[in-house]
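The residues making up each chain are set out below.
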Amino acid sequence: AQTVTQSQPEMSVQEAETVTLSCTYDTSESDYYLFWYKQPPSRQMILVIRQEAYKQQNATENRFSVNFQKAAKSFSLKISDSQLGDAAMYFCAYRNPIYNQGGKLIFGQGTELSVKP
Amino acid sequence: NAGVTQTPKFRVLKTGQSMTLLCAQDMNHEYMYWYRQDPGMGLRLIHYSVGEGTTAKGEVPDGYNVSRLKKQNFLLGLESAAPSQTSVYFCASRTSRGPRGQETQYFGPGTRLLVL
């Protein structure tokens with residue numbers, strides 16, 4: 001079964017600095033999708049960034065980028081120029097192939113990110 | 001375009017009571033999902049639907065039933081609530097069409113349920 005592991009329950013970063021959140025996953029599939037979601041105190045799940053496994057190029061979205069290491073099954077999120085609004089719980093998620101429970105998302109345990117002014 | 005909406009936002013139930021959570025999406029998505037989120041954990045799939053009139057079990061289906069009579073709505077029912085069902089419930093939807101990159105699940109704001 002696929003699993004997603006986030007080994008950092010909490011992380012802290014100074015405003016304007018850079019922080020990296022770690023995620024590893026386990027799968028026997030070769031074609032899949034990986035996501036980072038942000039969950040602020042409002043509980044809304046907000047998509048931060050998405051990576052397709054068939055693409056070798058790392059995804060970027062403004063201040064957010066990933067380091068996707070397919071062979072190592074590693075998918076870390078880098079937040080540059082951290083802002084106070086980045087403080088939230090961050091979840092790494094793996095998307096099953098569509099024939100496996102409708103392409104459900106499998107989530108890690110989350111990393112609580114705090115940003116110090 | 002409201003995206004994915006959930007009703008109610010918060011509810012308190014007594015053990016043994018029943019209730020229905022409503023999820024609605026206006027994006028014409030085929031796939032819809034119900035997840036639950038417990039403290040210190042990520043979301044886990046309860047049930048899902050790949051189209052109108054079809055539903056299937058996810059990881060943690062016990063104690064829940066679902067129905068998808070209309071494409072835009074996905075209902076989650078608790079027939080006899082238990083304290084173990086205290087959780088935050090999220091609905092999500094996604095399309096099955098479009099270019100390969102259309103793989104994102106869009107989430108509703110969540111429903112917080114407390115079972116006493």
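See the structure shown above.
Residues numbered from 1 in each chain as written. Chains lettered and ligands numbered in written order. Predicted model: local features only at pLDDT ≥ 70, side-chain atom pairs only at ≥ 80, totals over all residues. Heavy atoms only, no water.

(A) Representation of the overall build of chain B in the model. Secondary structure assignment for chain B yields 0 helices and 11 strands. Along its sequence from the N terminus, chain B presents helices and strands in the succession β-β-β-β-β-β-β-β-β-β-β. Relative to a compact globule of 116 residues, whose C-alpha radius of gyration would be 13 Å, chain B shows 14 Å and is just as compact. If you line up chain B on its principal axes, its C-alpha atoms span 45 × 30 × 25 Å. Across the 116 residues of chain B, 48% fall into the buried class. (Helix = DSSP H or I, 4+ residues; strand = E, 2+ residues; numbered from the N terminus. Rg over C-alpha atoms; globule rule 2.2 N^0.38 Å. Buried < 20%, exposed > 50% of the residue type's maximum accessible area, 1.4 Å probe, protein only.)

(B) Molecular detail of the state of the cysteines. Tallied over the entire structure, the rule returns 2 disulfides over all chains. Each disulfide pairs two cysteine sulfurs, and for Cys23 of chain A the partner residue is Cys92 of chain A, the sulfurs being separated by 2.0 Å. Note on the Cys23 of chain A and Cys92 of chain A pair: the S-S dihedral is about -70 degrees, so by sign convention the disulfide is left-handed. Remark: Cys92 of chain A occurs in strand S10 (residues 88-95) and Cys23 of chain A occurs in the loop between strand S3 (19-21) and strand S4 (24-26); sequence separation between them is 69 residues. We classify Cys23 of chain A as buried; its relative accessible area is 1%. Across the disulfide from Cys23 of chain B sits Cys91 of chain B; the S-S distance is 1.9 Å. Note on the Cys23 of chain B and Cys91 of chain B pair: the S-S dihedral is about -75 degrees, so by sign convention the disulfide is left-handed. With Cys23 of chain B in strand S3 (residues 19-25) and Cys91 of chain B in strand S9 (residues 87-94), the pair connects residues that are 68 residues apart, well separated along the chain. (Disulfide = S-S within 2.5 Å.)

(C) Region of the structure containing the pairing of strand S6 (residues 54-57) of chain B. All names here are of chain B. With 3 bridges joining them, strand S5 (residues 43-51) and S6 adopt antiparallel strand pairing. Bridge assignment links His47 to a residue of S6, and that residue is Lys57. Hairpin connection between S5 and S6: a loop of 2 residues separates the two successive antiparallel strands, and Gly53 in this loop has a positive phi of roughly 85 degrees. (Pairing = 2+ DSSP bridges.)

(D) View of the interface of chain A and chain B. Taken together, the contact between chain A and chain B spans 24 residues of the former and 26 residues of the latter. Carbon and sulfur atoms supply 51% of the area buried between chain A and chain B, which totals about 2,000 Å² over both sides. Our count for the contact surface shared by chain A and chain B stands at 1 salt bridge. A salt bridge links Glu59 of chain B to Lys104 of chain A; the nearest nitrogen and oxygen atoms lie 3.5 Å apart. On the surface where chain A and chain B come into contact, there are 5 residue pairs in polar contact (both at pLDDT 80 or more). Partitioned by chemical class, the residues of the side of chain A that touches chain B number 10 nonpolar, 8 polar and 6 charged. (Contact = heavy atoms within 4.5 Å. Buried area = accessible area lost by both parts, 1.4 Å probe. Salt bridge = Lys/Arg side-chain N within 4 Å of Asp/Glu carboxyl O. Polar contact = N/O pair within 3.5 Å; in protein donor to acceptor, adjacent residues only side chain to side chain. Nonpolar A, V, L, I, M, F, W, Y, C, P; charged D, E, K, R; others polar.)

Interpretation note: all reported values are geometric properties and have no functional meaning in isolation.
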